[in-house]
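# Structural description and commentary
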Amino acid sequence: MQENIMRLRAEIEAYDLTAPEQLEQFRIAFTGRKGQLADLFDQLKTVPQEQRRAVGQELNQLKQLALDKFSQRQQELEAAAQNAPADATFDYTLPPALNTLGTRHPLNLVREEMVRIFSRIGFNVAEGPEVEDDWHNFTALNFPENHPARDMQDTFFIAPSAPPAHLGSGEMASDKALATPHHLTISPSHLLRTHTSNVQVRLMESQKPPIRSIMPGRVYRNEAISARAHMMFHQVEGLFVDENVSFADLKQTVYYFVQEMFGQDIQIRFRPSFFPFTEPSAEIDITCLICKGKGCNICKQSGWVEIGGCGMVDPNVLQQSGIDPEQYSGYAWGMGIERITMLKYQIKDLRLFTENDMRFLRQFEGVQLG
Ligand code: DAH
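The name given to the chain in an unreviewed UniProt entry is Phenylalanine--tRNA ligase alpha subunit, and the organism recorded there is Hymenobacter cavernae. UniProt lists a comment for the chain under the heading Subunit (unreviewed entry), and it reads "Tetramer of two alpha and two beta subunits." According to UniProt, the comment filed for the chain under the heading Catalytic activity (unreviewed entry) is "tRNA(Phe) + L-phenylalanine + ATP = L-phenylalanyl-tRNA(Phe) + AMP + diphosphate + H(+)".

The environment of the ligand is made up of 16 residues, and the closest members are His195, Gln200, Arg221, Gln235 and Glu237. A distance of 3.0 Å separates a nitrogen atom of the ligand from a polar side-chain atom of His195. Ser197 is positioned such that a nitrogen or oxygen atom in its side chain is 3.0 Å from a nitrogen atom of the ligand. When the ligand is considered free in solution it has 350 Å² of accessible area, and contact with the protein chains removes 93% of it. Within the residue set of the shell around the ligand, elements represented by two or more residues are α7 (197–206), β5 (232–242), β8 (304–313) and β9 (329–336). Class assignment of the residues belonging to the shell around the ligand gives a composition of 5 nonpolar, 9 polar and 2 charged.

Glancing now at the pairing of strand β7 (residues 278–287). Across the 10 residues of β7, 8 count as buried, placing the element largely inside the fold. Relative to β7, strand β6 (residues 268–275) runs antiparallel, the two sharing 7 bridges. Bridge pairing in β7 places Phe275 opposite Thr278. In this structure, the hairpin formed by β6 and β7 is closed by a connection of 2 residues. Note that β7 and β8 share 8 bridges and pair antiparallel. Each bridged residue has a counterpart across the sheet, and for Asp285 the counterpart in β8 is Glu306.

Right, let's talk about helix α5 (residues 106–119) for a bit. Its 14 residues give α5 an end-to-end C-alpha distance of 20 Å, which sits within 8% of 20 Å, the value for a rise of 1.5 Å per residue. For α5, the full list of buried residues reads Pro106, Leu107, Leu109, Val110, Glu113, Met114, Ile117 and Phe118. Down the axis of α5, the buried set is contained in an arc of 160 degrees. They therefore lie on one face.

Turning next to the side chain of Asn142. With respect to the element layout, Asn142 can be found in the loop between α6 (134–137) and β3 (191–192). Overall, the relative accessible area of 17% leaves Asn142 in the buried class. A distance of 2.8 Å separates the side chain of Asn142 from the side chain of Asn316, its partner in a polar contact. Leaving out residues up to four positions away in the same chain, Asn142 has contacts with Pro276, Phe277, Asp314, Asn316, Val317 and Gln320.

A few words on the environment of Ile290. Tracing the backbone through its elements, the reader meets Ile290 in the loop between β7 and β8. Distance in space between the C-alpha atoms of Ile290 and Leu343 is 6.4 Å, their sequence separation being 53 residues. Filtering out sequence-adjacent residues up to four positions away, Ile290 remains in contact with Cys296, Ile298, Met342, Leu343, Gln346, Ile347 and Lys348.

With that settled, consider the packing of aromatic side chains. Considering all chains together, one arrives at 19 aromatic pairs under this definition. Ring geometry for Phe360 versus Phe364: centroids 5.3 Å apart, planes at 70 degrees, classification edge-to-face. Assigned by exposure class, Phe360 and Phe364 land together as buried. Taken together through their ring pairs, the aromatic side chains of Phe118, Phe123, Phe240, Phe257, Tyr331 and Trp333 make up a single cluster.

With that settled, consider the pattern of salt bridges. Scanning the entire structure with this criterion turns up 13 salt bridges. A salt bridge links Arg73 to Glu76; the shortest N-O distance between them is 2.0 Å. One end of the pair is Arg73 and the other is Glu76, both in helix α4 (residues 49–82) and 3 residues apart, which spans about a single turn. Judged by its relative accessible area of 21%, Arg73 is partly exposed. A salt bridge links Glu283 to Arg271; its shortest N-O distance comes to 3.8 Å.

Definitions and limits used
- Residues numbered from 1 in each chain as written.
- Predicted model: local features only at pLDDT ≥ 70, side-chain atom pairs only at ≥ 80, totals over all residues.
- Heavy atoms only, no water.
- UniProt positions renumbered as here; feature names shortened; annotations may be inferred.
- Near = heavy atom within 4 Å.
- Polar contact = N/O pair within 3.5 Å; in protein donor to acceptor, adjacent residues only side chain to side chain.
- Areas by Shrake-Rupley, 256 points an atom, 1.4 Å probe, with all protein chains shown as cover.
- Helix = DSSP H or I, 4+ residues; strand = E, 2+ residues; numbered from the N terminus.
- Nonpolar A, V, L, I, M, F, W, Y, C, P; charged D, E, K, R; others polar.
- Buried < 20%, exposed > 50% of the residue type's maximum accessible area, 1.4 Å probe, protein only.
- Pairing = 2+ DSSP bridges.
- Expected span 1.5 Å × (residues − 1).
- Arc of directions from axis to C-beta.
- Contact = heavy atoms within 4.5 Å.
- Phe/Tyr/Trp six-rings, centres within 6.5 Å; stacked < 30°, edge-to-face > 60°.
- Salt bridge = Lys/Arg side-chain N within 4 Å of Asp/Glu carboxyl O.

Now the structure itself:
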């Protein structure tokens, strides 16, 4: 009996318990109801009376040893299973791959900053369609038909696409062929808006004064792409209509904006100009920030750069949009977001905004909005 116990002890100690399926084999072989330990306990009755107690204790110790070994290996194997590599060839000592966060696009940053600056003085944000009709882009803004002023803006007109087969040949393609947010039915006089001034008209048609809104958005012109021009760019239009609004109010708003955006030291000048929808009209110039006013290629050696146009809303435009010009007056402006971004961040080529060069975009990582 003693010999049997020693042999079994050696066997239990040596038993290889490295795989989960061996646990069950171990249990059946040793501690189970029909296992070897149970056998030895059965044989206890054959042990002479005076030794039985000592042998019984020994057997109990052996059983405990087997149970301990079993539960310890069971825990270890379970823990290992939880951390088990899905792919054993993967090197877990490698440093983790960094999460790559995207960055805000510089035009987006500046647009948002403009919205914040103007919202601090009470302007809300309005939006309008990029696919526009002739009325809102031109006629309502005092561009008479066939007037040369329309040539100031090289327009992309939208040729209606061929009608879907089931509509037959006589009917116009519907807006399904060219989805727009306003569900326009595209007609030959539709175009890609050349400026955000279309939203002015839509606002005045749909709201009563006081109106105090800015209208950021994308605009299109049929221009060759170069460092200074693009066929797609962004503007922020502004409109303020109320009683007794004057040019002095307009100047004050522009001064405030420019100083908030570029700092207190910046110089601003209003240059008389012409727009069909404003009278009087002006262009807004500020100190060239690329050369600090000394003269460079960007400012054509003048030290000044234009950031937008502005003026008092022409009474005719108010009238056409349903606002009484006897009672109300208003000012408006339109500024280029690209131009302002280029000045703010010393960017010399407009094409960088649309090329998605990561080396360019990464530089705006972590830019804090003002
Ligand atoms: N729409 C003009 C342009 O794109 C900019 C502009 C000038 C907008 C004067 C205005 C304004 O609202 O009053 O060139």
